[in-house]
Amino acid sequence: MTARPLLPERTPRAQGEPTALDGLLVIDFTRVVAGPACTQTLADFGAEVIKIENPDGGDDTRHYEHAEIGGESAAFLSLNRNKRGIVLDFNNAAALEVARELIAKADVVVENFSGGVMKKFGLDYASVAPTNPRLIYCSISAYGRKGEFALRPGFDPITQAESGFMSLNGFADGEPVRTGPPIVDLATGMSACNAILLALIARDRLGRGQQVEVALIDTAVAMTGFYGMAYLISGENPGRFGNSPNGSPTVGVYRASDGPLYMACANDRLYRRLVTEVLERPDLVTDPEFAHRKARTANREKLRAIIASVFAGNTLEYWMAKMKKANIPVGYLRTVEQGFNAPEVRGRDRLSRISHPTAGTVPNIETPLQMSLTPAIYPVAAPLLGEHTEQVLRKTLGYDDRRIGALAGAGAFGTTGNSG
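1. Structural notes on the overall build of the chain
Helix and strand counts for the chain stand at 18 helices and 13 strands. The dimensions of the chain, computed from C-alpha atoms along their principal axes, are 85 × 50 × 45 Å. Looking at the chain alone, contacts between residues at least 24 apart form 68% of all its contacts between residues at least 6 apart. In the form shown here, the chain has an accessible surface area of approximately 21500 Å², with 56% of it arising from carbon and sulfur atoms. Charge centroids of the chain, computed over 45 positive and 46 negative side chains, lie 5 Å from each other.

In C-alpha coordinates form, the structure reads like this:
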(Lines give C-alpha, C1' and ligand atoms only; values in the text may rest on other atoms or scores of the structure.)
Protein backbone atom coordinates (compact mmCIF):
# COMPACT_ATOMS: atom_id res chain seq x y z
CA MET A 1 0.00 0.00 0.00
CA THR A 2 1.31 3.45 -0.94
CA ALA A 3 2.13 5.64 2.03
CA ARG A 4 0.17 8.86 2.51
CA PRO A 5 2.19 12.05 2.06
CA LEU A 6 3.44 13.64 5.25
CA LEU A 7 1.74 16.98 5.85
CA PRO A 8 2.37 19.67 8.46
CA GLU A 9 -0.19 20.91 10.93
CA ARG A 10 -2.09 23.92 9.67
CA THR A 11 -0.57 27.21 10.86
CA PRO A 12 -2.93 28.88 13.36
CA ARG A 13 -4.71 32.05 12.34
CA ALA A 14 -3.59 35.24 14.09
CA GLN A 15 -5.82 36.03 17.04
CA GLY A 16 -8.43 38.70 16.40
CA GLU A 17 -8.04 38.86 12.62
CA PRO A 18 -11.35 39.80 10.98
CA THR A 19 -12.97 37.75 8.22
CA ALA A 20 -14.27 39.14 4.95
CA LEU A 21 -17.75 37.62 5.22
CA ASP A 22 -18.36 37.53 8.97
CA GLY A 23 -22.08 37.45 9.78
CA LEU A 24 -23.15 36.27 6.31
CA LEU A 25 -25.58 33.34 6.45
CA VAL A 26 -25.54 31.04 3.41
CA ILE A 27 -28.02 28.18 2.99
CA ASP A 28 -26.38 25.66 0.69
CA PHE A 29 -28.62 23.28 -1.27
CA THR A 30 -25.81 22.24 -3.61
CA ARG A 31 -24.10 18.96 -4.33
CA VAL A 32 -21.43 17.40 -6.55
CA VAL A 33 -18.87 20.01 -7.76
CA ALA A 34 -19.85 23.46 -9.08
CA GLY A 35 -22.17 24.46 -6.23
CA PRO A 36 -20.03 23.12 -3.38
CA ALA A 37 -16.94 24.79 -4.88
CA CYS A 38 -18.80 28.11 -4.79
CA THR A 39 -20.05 27.81 -1.23
CA GLN A 40 -16.70 26.51 0.07
CA THR A 41 -15.05 29.77 -0.97
CA LEU A 42 -17.72 31.74 0.90
CA ALA A 43 -17.16 29.52 3.94
CA ASP A 44 -13.38 29.88 3.73
CA PHE A 45 -13.71 33.61 4.25
CA GLY A 46 -16.04 33.61 7.20
CA ALA A 47 -19.58 33.08 5.93
CA GLU A 48 -21.69 30.67 7.98
CA VAL A 49 -22.55 28.04 5.38
CA ILE A 50 -25.22 25.49 6.30
CA LYS A 51 -25.14 22.59 3.87
CA ILE A 52 -28.46 20.77 3.55
CA GLU A 53 -28.30 17.15 2.39
CA ASN A 54 -30.82 14.40 1.97
CA PRO A 55 -30.55 11.85 4.80
CA ASP A 56 -30.39 8.94 2.35
CA GLY A 57 -26.70 9.10 1.44
CA GLY A 58 -26.30 12.88 1.13
CA ASP A 59 -24.17 14.57 -1.52
CA ASP A 60 -23.24 12.20 -4.37
CA THR A 61 -19.56 13.04 -3.92
CA ARG A 62 -19.59 11.32 -0.52
CA HIS A 63 -19.50 8.08 -2.49
CA TYR A 64 -16.97 8.93 -5.20
CA GLU A 65 -14.17 6.39 -5.37
CA HIS A 66 -10.99 8.43 -5.90
CA ALA A 67 -9.86 7.74 -2.32
CA GLU A 68 -11.39 7.77 1.15
CA ILE A 69 -10.32 8.39 4.72
CA GLY A 70 -12.35 7.91 7.87
CA GLY A 71 -15.34 6.89 5.77
CA GLU A 72 -15.28 10.17 3.80
CA SER A 73 -14.34 10.52 0.12
CA ALA A 74 -11.56 12.71 -1.23
CA ALA A 75 -14.10 14.46 -3.48
CA PHE A 76 -16.42 15.42 -0.63
CA LEU A 77 -13.59 16.51 1.64
CA SER A 78 -12.10 18.68 -1.11
CA LEU A 79 -15.30 20.63 -1.75
CA ASN A 80 -17.07 21.05 1.59
CA ARG A 81 -14.55 22.47 4.04
CA ASN A 82 -15.75 24.95 6.70
CA LYS A 83 -19.45 24.10 6.32
CA ARG A 84 -21.96 22.90 8.87
CA GLY A 85 -24.00 19.96 7.64
CA ILE A 86 -27.62 19.09 8.34
CA VAL A 87 -30.04 16.55 6.87
CA LEU A 88 -33.61 17.28 5.79
CA ASP A 89 -35.99 15.01 3.90
CA PHE A 90 -37.69 17.28 1.37
CA ASN A 91 -40.51 14.77 0.95
CA ASN A 92 -41.47 15.58 4.53
CA ALA A 93 -43.63 18.65 5.17
CA ALA A 94 -42.00 19.35 8.54
CA ALA A 95 -38.55 19.30 6.93
CA LEU A 96 -39.66 21.75 4.24
CA GLU A 97 -40.85 24.14 6.92
CA VAL A 98 -37.37 24.04 8.48
CA ALA A 99 -35.85 24.79 5.06
CA ARG A 100 -38.17 27.78 4.61
CA GLU A 101 -37.30 29.14 8.05
CA LEU A 102 -33.59 28.89 7.26
CA ILE A 103 -34.08 30.68 3.93
CA ALA A 104 -36.07 33.43 5.66
CA LYS A 105 -33.01 34.18 7.82
CA ALA A 106 -30.44 33.80 5.02
CA ASP A 107 -28.40 36.37 3.17
CA VAL A 108 -27.63 33.91 0.38
CA VAL A 109 -29.18 30.73 -0.99
CA VAL A 110 -27.26 28.60 -3.47
CA GLU A 111 -28.87 25.67 -5.28
CA ASN A 112 -27.94 23.45 -8.21
CA PHE A 113 -30.80 21.00 -8.44
CA SER A 114 -32.25 19.94 -11.76
CA GLY A 115 -34.71 22.42 -13.21
CA GLY A 116 -38.06 22.55 -11.42
CA VAL A 117 -36.97 20.81 -8.21
CA MET A 118 -36.86 23.91 -5.99
CA LYS A 119 -40.18 25.14 -7.43
CA LYS A 120 -41.76 21.75 -6.75
CA PHE A 121 -40.95 22.14 -3.06
CA GLY A 122 -41.86 25.83 -2.89
CA LEU A 123 -38.23 26.83 -2.35
CA ASP A 124 -37.61 28.68 -5.63
CA TYR A 125 -36.80 32.39 -5.71
CA ALA A 126 -40.32 33.51 -6.60
CA SER A 127 -41.71 31.60 -3.63
CA VAL A 128 -39.22 32.75 -0.99
CA ALA A 129 -38.24 36.29 -2.06
CA PRO A 130 -41.44 37.99 -0.76
CA THR A 131 -40.56 37.01 2.82
CA ASN A 132 -36.87 37.88 2.41
CA PRO A 133 -36.49 40.70 -0.14
CA ARG A 134 -32.78 41.16 0.66
CA LEU A 135 -32.01 37.55 -0.28
CA ILE A 136 -29.36 36.74 -2.89
CA TYR A 137 -30.57 33.56 -4.58
CA CYS A 138 -28.01 31.83 -6.82
CA SER A 139 -29.01 29.06 -9.19
CA ILE A 140 -26.36 26.91 -10.85
CA SER A 141 -27.36 24.59 -13.69
CA ALA A 142 -26.10 22.99 -16.86
CA TYR A 143 -28.22 24.93 -19.37
CA GLY A 144 -29.83 27.76 -17.40
CA ARG A 145 -33.23 28.12 -15.77
CA LYS A 146 -35.08 29.45 -18.83
CA GLY A 147 -35.52 28.32 -22.41
CA GLU A 148 -36.06 24.97 -24.09
CA PHE A 149 -33.05 23.30 -22.43
CA ALA A 150 -33.81 24.42 -18.86
CA LEU A 151 -35.01 20.97 -17.78
CA ARG A 152 -32.23 19.07 -19.53
CA PRO A 153 -29.68 17.48 -17.17
CA GLY A 154 -26.00 17.98 -17.90
CA PHE A 155 -22.58 17.61 -16.41
CA ASP A 156 -19.12 19.10 -16.84
CA PRO A 157 -17.84 16.78 -19.62
CA ILE A 158 -21.10 17.11 -21.57
CA THR A 159 -20.81 20.90 -21.66
CA GLN A 160 -17.09 20.60 -22.47
CA ALA A 161 -18.14 18.53 -25.48
CA GLU A 162 -21.15 20.57 -26.60
CA SER A 163 -19.60 24.03 -26.27
CA GLY A 164 -16.59 23.29 -28.48
CA PHE A 165 -14.24 23.58 -25.53
CA MET A 166 -13.29 19.90 -25.71
CA SER A 167 -12.48 20.19 -29.42
CA LEU A 168 -9.55 22.45 -28.50
CA ASN A 169 -7.91 19.87 -26.19
CA GLY A 170 -5.70 17.04 -27.37
CA PHE A 171 -3.49 16.48 -30.38
CA ALA A 172 -4.39 17.23 -34.00
CA ASP A 173 -4.21 13.56 -35.03
CA GLY A 174 -6.33 12.32 -32.12
CA GLU A 175 -9.80 12.61 -30.62
CA PRO A 176 -10.80 15.65 -28.55
CA VAL A 177 -9.91 15.20 -24.87
CA ARG A 178 -11.79 16.39 -21.79
CA THR A 179 -9.72 17.94 -19.04
CA GLY A 180 -8.84 15.61 -16.18
CA PRO A 181 -10.15 17.78 -13.32
CA PRO A 182 -13.71 19.06 -13.95
CA ILE A 183 -12.56 22.49 -15.08
CA VAL A 184 -15.98 23.75 -16.26
CA ASP A 185 -17.57 22.77 -12.94
CA LEU A 186 -14.81 24.49 -10.97
CA ALA A 187 -14.87 27.63 -13.14
CA THR A 188 -18.66 27.76 -12.86
CA GLY A 189 -18.33 27.57 -9.08
CA MET A 190 -15.87 30.48 -9.16
CA SER A 191 -18.22 32.46 -11.40
CA ALA A 192 -21.15 31.77 -9.08
CA CYS A 193 -19.13 33.00 -6.12
CA ASN A 194 -18.25 36.18 -8.06
CA ALA A 195 -21.90 36.71 -8.97
CA ILE A 196 -22.97 36.36 -5.33
CA LEU A 197 -20.37 38.86 -4.16
CA LEU A 198 -21.42 41.30 -6.91
CA ALA A 199 -25.05 40.94 -5.82
CA LEU A 200 -24.08 41.58 -2.19
CA ILE A 201 -22.32 44.80 -3.19
CA ALA A 202 -25.38 45.80 -5.22
CA ARG A 203 -27.62 45.04 -2.23
CA ASP A 204 -25.67 47.53 -0.14
CA ARG A 205 -26.41 50.22 -2.75
CA LEU A 206 -29.92 49.25 -3.83
CA GLY A 207 -31.30 47.87 -0.58
CA ARG A 208 -32.62 44.62 -2.05
CA GLY A 209 -31.42 41.23 -3.16
CA GLN A 210 -31.78 39.51 -6.49
CA GLN A 211 -31.63 36.20 -8.29
CA VAL A 212 -28.37 35.35 -10.03
CA GLU A 213 -27.75 32.47 -12.37
CA VAL A 214 -24.70 30.68 -13.69
CA ALA A 215 -24.78 27.87 -16.26
CA LEU A 216 -22.08 25.35 -17.14
CA ILE A 217 -22.67 25.77 -20.88
CA ASP A 218 -22.17 29.54 -20.61
CA THR A 219 -18.94 29.05 -18.68
CA ALA A 220 -17.65 26.50 -21.19
CA VAL A 221 -18.35 28.87 -24.10
CA ALA A 222 -16.59 31.73 -22.30
CA MET A 223 -13.61 29.47 -21.63
CA THR A 224 -12.95 28.95 -25.32
CA GLY A 225 -11.42 32.42 -24.90
CA PHE A 226 -9.46 33.86 -27.78
CA TYR A 227 -9.94 30.67 -29.80
CA GLY A 228 -13.68 31.31 -29.77
CA MET A 229 -13.14 34.97 -30.57
CA ALA A 230 -10.81 34.05 -33.46
CA TYR A 231 -13.55 31.86 -34.94
CA LEU A 232 -16.08 34.71 -34.71
CA ILE A 233 -13.65 37.03 -36.49
CA SER A 234 -12.33 34.71 -39.21
CA GLY A 235 -15.01 32.05 -39.55
CA GLU A 236 -12.27 29.41 -39.39
CA ASN A 237 -12.83 26.53 -36.99
CA PRO A 238 -9.86 26.30 -34.57
CA GLY A 239 -8.22 22.92 -34.19
CA ARG A 240 -6.19 21.07 -31.59
CA PHE A 241 -2.51 21.75 -31.10
CA GLY A 242 -1.60 19.47 -28.21
CA ASN A 243 0.99 21.12 -26.01
CA SER A 244 1.85 23.82 -28.55
CA PRO A 245 -0.87 26.46 -28.93
CA ASN A 246 -1.26 27.63 -32.53
CA GLY A 247 1.42 25.12 -33.48
CA SER A 248 4.20 27.27 -32.03
CA PRO A 249 7.44 25.24 -32.23
CA THR A 250 8.92 26.98 -29.18
CA VAL A 251 5.98 26.26 -26.86
CA GLY A 252 5.44 22.77 -25.53
CA VAL A 253 7.09 19.67 -24.13
CA TYR A 254 10.70 18.81 -24.91
CA ARG A 255 12.86 16.05 -23.49
CA ALA A 256 16.31 16.41 -22.05
CA SER A 257 18.45 13.29 -21.86
CA ASP A 258 16.89 12.30 -18.54
CA GLY A 259 13.43 13.86 -18.42
CA PRO A 260 10.81 16.26 -19.83
CA LEU A 261 10.37 20.02 -19.51
CA TYR A 262 7.72 22.48 -20.63
CA MET A 263 8.90 25.63 -22.38
CA ALA A 264 6.95 28.73 -23.46
CA CYS A 265 8.88 31.07 -25.76
CA ALA A 266 5.93 32.81 -27.33
CA ASN A 267 7.53 35.91 -28.87
CA ASP A 268 10.56 36.98 -30.92
CA ARG A 269 12.45 38.41 -27.94
CA LEU A 270 12.24 35.17 -25.97
CA TYR A 271 13.03 33.09 -29.04
CA ARG A 272 16.24 35.03 -29.68
CA ARG A 273 17.35 34.52 -26.09
CA LEU A 274 16.54 30.83 -26.28
CA VAL A 275 18.54 30.04 -29.41
CA THR A 276 21.50 32.30 -28.66
CA GLU A 277 21.96 32.10 -24.87
CA VAL A 278 20.59 28.63 -24.16
CA LEU A 279 20.84 26.48 -27.27
CA GLU A 280 23.87 28.39 -28.58
CA ARG A 281 22.51 28.24 -32.13
CA PRO A 282 22.58 31.84 -33.42
CA ASP A 283 22.03 30.49 -36.93
CA LEU A 284 18.41 29.87 -35.89
CA VAL A 285 17.98 33.63 -35.73
CA THR A 286 19.59 34.52 -39.04
CA ASP A 287 18.12 31.65 -41.08
CA PRO A 288 15.15 33.15 -42.98
CA GLU A 289 13.14 29.99 -42.31
CA PHE A 290 13.16 30.81 -38.58
CA ALA A 291 13.84 34.55 -38.37
CA HIS A 292 10.26 35.61 -37.65
CA ARG A 293 7.26 34.11 -35.84
CA LYS A 294 5.25 33.42 -39.00
CA ALA A 295 8.25 31.78 -40.64
CA ARG A 296 8.87 29.63 -37.60
CA THR A 297 5.23 28.54 -37.54
CA ALA A 298 5.36 27.68 -41.24
CA ASN A 299 8.50 25.58 -40.64
CA ARG A 300 7.58 24.39 -37.17
CA GLU A 301 8.24 20.68 -37.65
CA LYS A 302 11.74 21.33 -38.94
CA LEU A 303 12.50 23.76 -36.11
CA ARG A 304 11.03 21.47 -33.44
CA ALA A 305 13.26 18.65 -34.63
CA ILE A 306 16.35 20.87 -34.39
CA ILE A 307 15.46 22.11 -30.90
CA ALA A 308 14.59 18.58 -29.74
CA SER A 309 17.94 17.23 -30.89
CA VAL A 310 19.80 19.94 -28.95
CA PHE A 311 17.81 19.36 -25.73
CA ALA A 312 18.37 15.60 -25.97
CA GLY A 313 22.12 16.18 -25.72
CA ASN A 314 22.21 17.13 -22.05
CA THR A 315 20.46 16.68 -18.73
CA LEU A 316 17.29 18.29 -17.46
CA GLU A 317 19.08 20.19 -14.69
CA TYR A 318 21.66 21.50 -17.15
CA TRP A 319 18.96 22.98 -19.37
CA MET A 320 16.85 24.26 -16.49
CA ALA A 321 19.82 26.15 -15.08
CA LYS A 322 20.67 27.72 -18.44
CA MET A 323 17.08 28.67 -19.18
CA LYS A 324 16.48 30.19 -15.76
CA LYS A 325 19.68 32.22 -16.13
CA ALA A 326 18.43 33.49 -19.50
CA ASN A 327 14.99 34.18 -17.96
CA ILE A 328 13.22 31.79 -20.33
CA PRO A 329 9.75 30.66 -19.14
CA VAL A 330 10.24 26.95 -18.40
CA GLY A 331 9.04 24.40 -15.90
CA TYR A 332 9.41 20.78 -14.89
CA LEU A 333 6.71 18.46 -16.24
CA ARG A 334 5.62 16.94 -12.94
CA THR A 335 3.23 14.31 -11.73
CA VAL A 336 0.75 15.21 -8.98
CA GLU A 337 3.10 13.61 -6.45
CA GLN A 338 6.06 15.62 -7.73
CA GLY A 339 4.04 18.84 -7.95
CA PHE A 340 2.65 18.54 -4.42
CA ASN A 341 6.15 17.95 -3.05
CA ALA A 342 7.81 20.71 -5.09
CA PRO A 343 9.30 23.74 -3.33
CA GLU A 344 6.97 26.08 -5.24
CA VAL A 345 4.04 24.40 -3.46
CA ARG A 346 5.52 23.38 -0.11
CA GLY A 347 7.24 26.73 0.29
CA ARG A 348 3.89 28.53 0.03
CA ASP A 349 2.20 26.40 2.71
CA ARG A 350 -0.42 25.13 0.30
CA LEU A 351 -0.87 21.76 2.01
CA SER A 352 -1.60 20.83 5.61
CA ARG A 353 -3.53 18.41 7.78
CA ILE A 354 -6.55 19.29 9.87
CA SER A 355 -8.55 17.40 12.49
CA HIS A 356 -11.48 15.15 11.56
CA PRO A 357 -13.96 13.34 13.83
CA THR A 358 -13.59 9.87 12.27
CA ALA A 359 -10.21 9.98 10.53
CA GLY A 360 -8.22 11.80 13.19
CA THR A 361 -6.75 14.12 10.59
CA VAL A 362 -7.41 14.65 6.88
CA PRO A 363 -5.34 16.43 4.22
CA ASN A 364 -6.19 20.02 3.39
CA ILE A 365 -5.47 21.99 0.20
CA GLU A 366 -5.56 25.68 1.04
CA THR A 367 -7.77 28.16 -0.78
CA PRO A 368 -5.77 29.91 -3.53
CA LEU A 369 -7.17 33.30 -2.44
CA GLN A 370 -4.98 35.31 -0.10
CA MET A 371 -6.04 38.53 1.62
CA SER A 372 -3.85 40.61 3.89
CA LEU A 373 -6.53 42.08 6.18
CA THR A 374 -9.18 39.35 6.13
CA PRO A 375 -7.45 36.01 5.47
CA ALA A 376 -9.27 32.70 5.23
CA ILE A 377 -10.54 31.21 8.46
CA TYR A 378 -8.80 28.27 10.15
CA PRO A 379 -10.03 25.29 8.11
CA VAL A 380 -12.55 22.83 9.49
CA ALA A 381 -13.00 19.53 7.67
CA ALA A 382 -16.13 18.79 5.66
CA PRO A 383 -18.99 17.65 7.90
CA LEU A 384 -20.17 14.12 8.47
CA LEU A 385 -23.66 13.52 7.08
CA GLY A 386 -26.06 15.42 9.34
CA GLU A 387 -23.30 16.22 11.84
CA HIS A 388 -24.63 19.66 12.79
CA THR A 389 -28.38 19.20 12.39
CA GLU A 390 -29.30 19.68 16.03
CA GLN A 391 -26.71 22.43 16.54
CA VAL A 392 -28.04 24.45 13.59
CA LEU A 393 -31.66 24.07 14.66
CA ARG A 394 -30.84 25.27 18.16
CA LYS A 395 -28.44 28.10 17.30
CA THR A 396 -29.79 29.42 14.00
CA LEU A 397 -33.53 28.82 14.41
CA GLY A 398 -33.81 28.72 18.21
CA TYR A 399 -35.56 25.35 18.38
CA ASP A 400 -35.86 23.64 21.76
CA ASP A 401 -35.77 19.94 22.67
CA ARG A 402 -39.51 19.55 22.16
CA ARG A 403 -39.47 21.00 18.64
CA ILE A 404 -36.40 19.00 17.60
CA GLY A 405 -37.90 15.81 19.03
CA ALA A 406 -41.16 16.43 17.15
CA LEU A 407 -39.27 16.92 13.89
CA ALA A 408 -37.32 13.72 14.43
CA GLY A 409 -40.52 11.86 15.22
CA ALA A 410 -42.15 13.23 12.06
CA GLY A 411 -39.26 11.92 9.94
CA ALA A 412 -37.88 15.32 8.94
CA PHE A 413 -34.34 13.98 9.27
CA GLY A 414 -35.02 10.72 7.46
CA THR A 415 -35.90 7.26 8.70
CA THR A 416 -32.76 7.06 10.84
CA GLY A 417 -33.95 10.00 12.90
CA ASN A 418 -30.47 11.50 12.72
CA SER A 419 -30.59 14.97 14.22
CA GLY A 420 -26.84 15.33 14.75
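2. Here we look at the pattern of salt bridges
Scanning all chains against the criterion turns up 20 salt bridges. With its nearest N and O atoms 3.4 Å apart, the salt bridge here joins D28 to K83. Of the two residues, D28 is situated in strand β1 (residues 25–29) and K83 in strand β5 (residues 83–87); the sequence distance between them amounts to 55 residues. As far as the burial class goes, D28 and K83 line up, both buried.

3. Topic: the sheet that holds strand β11 (residues 330–332)
The antiparallel open sheet is built from three strands, whose spatial order is β9-β10-β11. The open sheet has two free edges, formed respectively by β9 (251–256) and β11, since each of these has just one partner strand. In this sheet, neighbouring strand axes are inclined to one another by 30 degrees on average, regardless of whether the strands run parallel or antiparallel. Here strand β10 (residues 259–264) pairs with β11 via three bridges, running antiparallel. Pairing of L261 across the sheet is with Y332, part of β11. The strands touched by helix α13 (residues 300–311) are β9 and β10; relative to β9, the strand with the most contacts, the crossing angle is about 35 degrees. Across the sheet, helix α14 (residues 316–325) is in contact with β9, β10 and β11; its angle to β11 comes to roughly 150 degrees.

4. What about the packing of helix α3 (residues 93–105) against helix α18 (residues 401–410)?
It is the contact of α3 with α18, at a shortest axis distance of 9 Å, that shows an interaxial angle of 135 degrees. In terms of their interaxial angle, α3 and α18 are classed as oblique. Residues A94, E97, V98 and E101 of α3 touch α18, and the partners they reach there are R403, L407 and A410.

5. Structural notes on the environment of I86
Relative to the helices and strands, I86 is located in strand β5. Measuring from C-alpha to C-alpha, the distance between I86 and I50 comes to 7.1 Å, with 36 residues separating the pair along the chain. Excluding residues within four positions of it along the chain, I86 makes contact with I50, K51, I52, E53, L102, G386, H388, T389 and V392.

6. Some words on the nonpolar core
By size, the foremost hydrophobic cluster in this structure holds 34 residues, and its most contacted members are I27, F29, L88, F90, L102 and L123. The set of elements that each furnish at least two residues to this core consists of β1, β2 (48–53), β5, α3, α5 (125–128), α17 (389–395) and α18. By residue number, the principal contributor to this core is α3, which donates six residues. Setting aside anything within four residues of it in sequence, one finds F29 in contact with I52, F90, A99, I103, V109, V110, E111, N112, F113, M118 and L123. Ranked by size, the runner-up nonpolar core spans 27 residues in total, among them L42, V110, I136 and V212.

7. Focus on the side chain of S163
In this fold, S163 is placed in helix α6 (residues 156–163). Among the residues examined, S163 registers a relative accessible area of 17% and is labelled buried. A distance of 3.2 Å separates a polar atom in the side chain of S163 from the backbone nitrogen of F165. Discounting residues that sit within four places of it in the chain, S163 has contacts with I217, A220, V221 and T224.

8. Some words on the sheet that holds β2
Overall, parallel pairing links the six strands, which are arranged β5-β2-β1-β6-β7-β8 in an open sheet. Unpaired on one side and paired on the other, β5 and β8 (210–215) mark the two borders of the sheet. Going across the sheet, the axis of each strand differs from the next one's by a mean of 20 degrees, ignoring polarity.

9. Some words on the packing of helix α1 (residues 34–44) against helix α7 (residues 183–206)
Between α1 and α7, whose axes approach to 7 Å, the crossing angle comes to 45 degrees. On the basis of their axis angle, the class for α1 and α7 is oblique. Handedness of the crossing formed by α1 with α7: right-handed. When α1 is examined against α7, the residues A34, A37, C38, T41 and L42 are found in contact with a partner set consisting of D185, L186, T188, G189, A192, C193, I196 and L197. When the residues that make up the contact of α1 with α7 are grouped by side-chain class, the tally is nine nonpolar, three polar and one charged.

10. Considering the pairing of strand β12 (residues 351–356)
Bridge analysis of β12 against strand β13 (residues 360–365) gives six bridges, and the strand direction is antiparallel. The partner of R353 across the bridge, within β13, is P363. Counting the residues that bridge the hairpin from β12 to β13 gives three residues.

What counts and how
Residues numbered from 1 in each chain as written. Predicted model: local features only at pLDDT ≥ 70, side-chain atom pairs only at ≥ 80, totals over all residues. Heavy atoms only, no water. Helix = DSSP H or I, 4+ residues; strand = E, 2+ residues; numbered from the N terminus. Contact = heavy atoms within 4.5 Å. Areas by Shrake-Rupley, 256 points an atom, 1.4 Å probe, with all protein chains shown as cover. Lys, Arg positive; Asp, Glu negative; His and termini not counted. Charge placed at Lys NZ, Arg CZ, Asp CG, Glu CD. Salt bridge = Lys/Arg side-chain N within 4 Å of Asp/Glu carboxyl O. Buried < 20%, exposed > 50% of the residue type's maximum accessible area, 1.4 Å probe, protein only. Pairing = 2+ DSSP bridges. Axes fitted to C-alpha atoms, helices over the stretch in contact; angles between N-to-C directions. Parallel < 35°, antiparallel > 145°, perpendicular 65-115°, else oblique. Core = buried A, V, L, I, M, F, W, Y, C linked by side-chain atoms within 4.5 Å. Polar contact = N/O pair within 3.5 Å; in protein donor to acceptor, adjacent residues only side chain to side chain. Left-handed = near helix turned anticlockwise from the far one by under 90°. Nonpolar A, V, L, I, M, F, W, Y, C, P; charged D, E, K, R; others polar.

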